[in-house]
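Structural characterization, general
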Amino acid sequence: MPKVIIAPSVLASDLGNLNYECRRMIDDGADWLHMDIMDGHFVPNIVMGAPILQSVKKAVPDIFMDCHMMVTEPERWVKDIAEAGGASYTFHLEATDDPLDVVRLIKATGMKASVAINPGTPASEISDELAEAVDMILVMTVWPGAGGQSFMKELMPKVAELRARFPHVNIEVDGGVAPKTIKYCADAGANVIVAGTAVFRAESPRDVIAYLRAECTAAQERILQERQTLIYDPNADVVGDDEDQEAEERRKEASAGRRSGATTPVGSTPRSYLRHLDRRRSSAASGKSGKFGQLTDLGMTLKLV
Ligand SMILES: O=C(CO)[C@H](O)[C@H](O)COP(=O)(O)O
């Protein structure tokens, strides 16, 4: 599974001392700094642009700036952000009709390319072709535009679904992620963790960063130990384990909790996502439901190895 990366979101920092705040986070163990760029159109707020990033890069040369572009014209800012020292450029799928073209523009500058989806956008909107073209997929766990919002646990099935489909792509979560909510993200398979308020406002950011990393690392070890690494195999049959108590509970939770953009049950892990597919396949085969047909129509088969 991809490496665990902790990226404090500077939105919660003391923006008047941004250089110092970024240095402080790197010294406390952060891998990346998550830079929120808002244009006042895609989201109702305006927060920083390329000149500020350039100033940070000059003062903190070893920084990896993970630039989250909450903007309506993502292609417009690619060159400026690259010249300012941006290392990764995340655009919103909702902001473009041609995501592959935006990826091409980003990659031409040498930056890593990443695509974000809002809470209302299903994971199925990320095509295989797009996922193969990007370095990372960002699943927003709040509506973008402001820090300090409540984590939307009901969106974890999207993370599990994407992790099941793309075992080797970085999957980032952003919004309300904190020591209290990290387990949901880690169990679903997220490996790039953005946290603003929980880290910058902590008494010990170092401890919080270490905790978030430890939780993700432990979840990844669990997933590997339980042979939950998911391999996409176009020739394989779907293989699922017997139903167990956990799966039953997840199904009950799911029937009570399907919400905006969630396409699979609440509480999903990559493993339970595959079980979910398997159940849908069995139902379809027995004539109880035609839903799985949509997946077979796409030629999708998945197996646990
Ligand atoms: O993209 C964002 C908001 O649009 C922020 O990065 C996000 O909300 C992080 O802040 P917090 O951890 O305080 O919720």
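Along each chain, residue indices are assigned from 1 in the same order as the chain's sequence is written. In view of the model being predicted, local features appear only for residues whose pLDDT reaches at least 70, and side-chain atom pairs are presented and counted only at 80 or more, with totals across whole chains, interfaces and linings using the full set of residues. Values reported for side chains reflect all heavy atoms of the structure, with hydrogen atoms and water molecules removed beforehand.

An unreviewed UniProt entry lists the chain under the name Ribulose-phosphate 3-epimerase, from Jaminaea rosea. UniProt positions are given in the numbering used here, feature names are shortened, and annotations may be inferred rather than shown by experiment. Under Catalytic activity (unreviewed entry), UniProt gives the following word-for-word description of the chain: "D-ribulose 5-phosphate = D-xylulose 5-phosphate". Quoted straight from UniProt, the Pathway (unreviewed entry) entry for the chain says "Carbohydrate degradation; pentose phosphate pathway; D-xylulose 5-phosphate from D-ribulose 5-phosphate (non-oxidative stage): step 1/1."

Focus: unusual backbone geometry
Notably, methionine 48 is not glycine yet its phi reads approximately 40 degrees, a positive angle. Per the convention used, a helix needs a DSSP run of H or I reaching at least four residues, while a strand needs a run of E reaching at least two, with both numbered from the N terminus. In this fold, methionine 48 is placed in the loop between strand S3 (46-47) and helix H2 (50-59).

Section: the site of the ligand
One heavy atom within 4 Å of a molecule or strand makes the whole residue count as near it. Asp36, Gly145, Gly176, Gly196 and Thr197 are the nearest of the 19 residues found near the ligand. Interatomic distance of 2.4 Å between a side-chain N/O atom of threonine 197 and an oxygen atom of the ligand. Contact with the protein chains removes 99% of the 370 Å² of surface that the ligand exposes when unbound. Put simply, the parts of the chain that give the shell around the ligand at least two residues each are strand S2 (33-39) and strand S4 (65-70). In terms of residue count, the dominant contributor to the shell around the ligand is S2 (three residues). In the analysis that follows, any N or O atom pair within 3.5 Å is treated as a polar contact, provided that within protein one partner can donate a hydrogen and the other can accept it, and provided that, for residues neighboring in sequence, both atoms belong to side chains. Where accessible areas are quoted, they stem from the Shrake-Rupley method and a 1.4 Å probe; at the residue level, only the protein chains shown are allowed to cover.

With respect to the sheet that holds strand S1 (residues 5-8)
The mixed open sheet is built from nine strands, whose spatial order is S1-S9-S8-S7-S6-S5-S4-S2-S3. Whereas interior strands pair on both sides, the edge strands pair on one side only; in this sheet they are S1 and S3. Any pair of residues with heavy atoms lying within 4.5 Å of one another is described as a contacting pair. Axis definition: a line fit to C-alpha positions, over the contact stretch in the case of helices; interaxial angles, taken between N-to-C directions, run 0 to 180 degrees. Helix-sheet contacts for helix H4 (residues 99-109) involve strand S5 (88-92) and strand S6 (112-117), and the interaxial angle to S5 is about 165 degrees. A pair of strands counts as paired when DSSP detects no fewer than two bridges linking them.

Some remarks on the packing of aromatic side chains
Between rings of Phe, Tyr and Trp, where Trp is taken as its six-membered ring, a pair exists when centres lie within 6.5 Å; planes separated by under 30 degrees are stacked, by over 60 edge-to-face, and by other angles tilted. Counted under the stated rule, the structure contains two aromatic pairs. Measuring from centroid to centroid gives 4.3 Å for tryptophan 32 and phenylalanine 64, while their planes differ by 10 degrees, and the two rings are stacked. With tryptophan 32 in the loop between helix H1 (18-27) and S2 and phenylalanine 64 in the loop between H2 and S4, this residue pair connects regions lying 32 residues apart in the sequence. When the ring of phenylalanine 151 is compared with that of tyrosine 184, the centres are 6.2 Å apart and the planes differ by 15 degrees; the resulting orientation is stacked. A residue pair is termed long-range when its members are at least 10 positions apart, and phenylalanine 151 in the loop between strand S7 (136-140) and helix H6 (156-165) and tyrosine 184 in helix H7 (residues 182-188) qualify at 33 residues.

Considering the side chain of histidine 34
Here histidine 34 shows up in strand S2. Among the polar contacts listed, one links the side chain of histidine 34 to the side chain of histidine 68, at a separation of 3.3 Å. Leave out the neighbours within four places in its chain, and histidine 34 touches Ala7, Pro8, Ser9, Val10, Asp66, His68, Glu172, Asp174 and Val194.

Quick notes on the pattern of salt bridges
Any Lys or Arg side-chain nitrogen located within 4 Å of an Asp or Glu carboxyl oxygen qualifies as a salt bridge. Within the structure shown, the criterion is met by 12 salt bridges. We note a salt bridge from aspartate 135 to lysine 107, for which the minimum N-O separation is 3.4 Å. In this pair, aspartate 135 sits in the loop between helix H5 (128-133) and S7 while lysine 107 sits in helix H4, placing the two residues 28 residues apart along the sequence. Measuring nitrogen to oxygen at the nearest pair gives 2.7 Å for the salt bridge that ties lysine 183 to aspartate 187. With a gap of four residues between them, lysine 183 and aspartate 187 both fall in helix H7, about one helical turn apart.

Details of the nonpolar core
Core analysis: the largest hydrophobic core is formed by 71 residues, its most contacted members being Cys22, Met35, Leu53, Ile126, Ile137, Leu162 and Ile193. Ranked by residue count, the leading element in this core is helix H9 (residues 205-225), at five residues. In this structure methionine 35 touches Val10, Cys22, Met48, Leu53, Val56, Met65, Asp66, Cys67 and His68, once residues within four positions along its chain are discounted. Within this scheme, the nonpolar core is defined by two criteria: the residues are buried Ala, Val, Leu, Ile, Met, Phe, Trp, Tyr or Cys, and they are joined through side-chain atoms within 4.5 Å. Relative accessibility decides the category of a residue: with a 1.4 Å probe and only protein chains considered, values under 20% of the type maximum give buried, values over 50% give exposed, and everything between is partly exposed. In terms of nonpolar packing, the next biggest core, distinct from the first, is built from six residues, Ile5, Met136, Val192 and Val194 among them.

What to know about the pairing of S7
Taken across its five residues, S7 has five buried, putting it largely inside the fold. Neither face of S7 is open: one carries Met136, Leu138 and Met140, the other Ile137 and Val139, and all of them are buried. Direction of pairing for S6 relative to S7: parallel, over a ladder of four bridges. Paired with serine 114 across the bridge in S7 is methionine 136.

Focus on the packing of H1 against H2
Running from N to C, H1 and H2 cross one another at 55 degrees; their axes reach a closest spacing of 9 Å. Relative to H2, H1 is oriented oblique. In this structure, H1 meets H2 at a crossing whose hand is right-handed. For the pair H1 and H2, the contacting residues are Leu18, Asn19 and Cys22 in the first and Ile52, Ser55, Val56 and Ala59 in the second. The labels follow the angle: roughly parallel below 35 degrees, roughly antiparallel above 145, roughly perpendicular from 65 to 115, and oblique for the rest. Whether a crossing is left-handed or right-handed is set by the direction in which the near helix is turned from the far one by less than a right angle, anticlockwise for left-handed and clockwise for right-handed.

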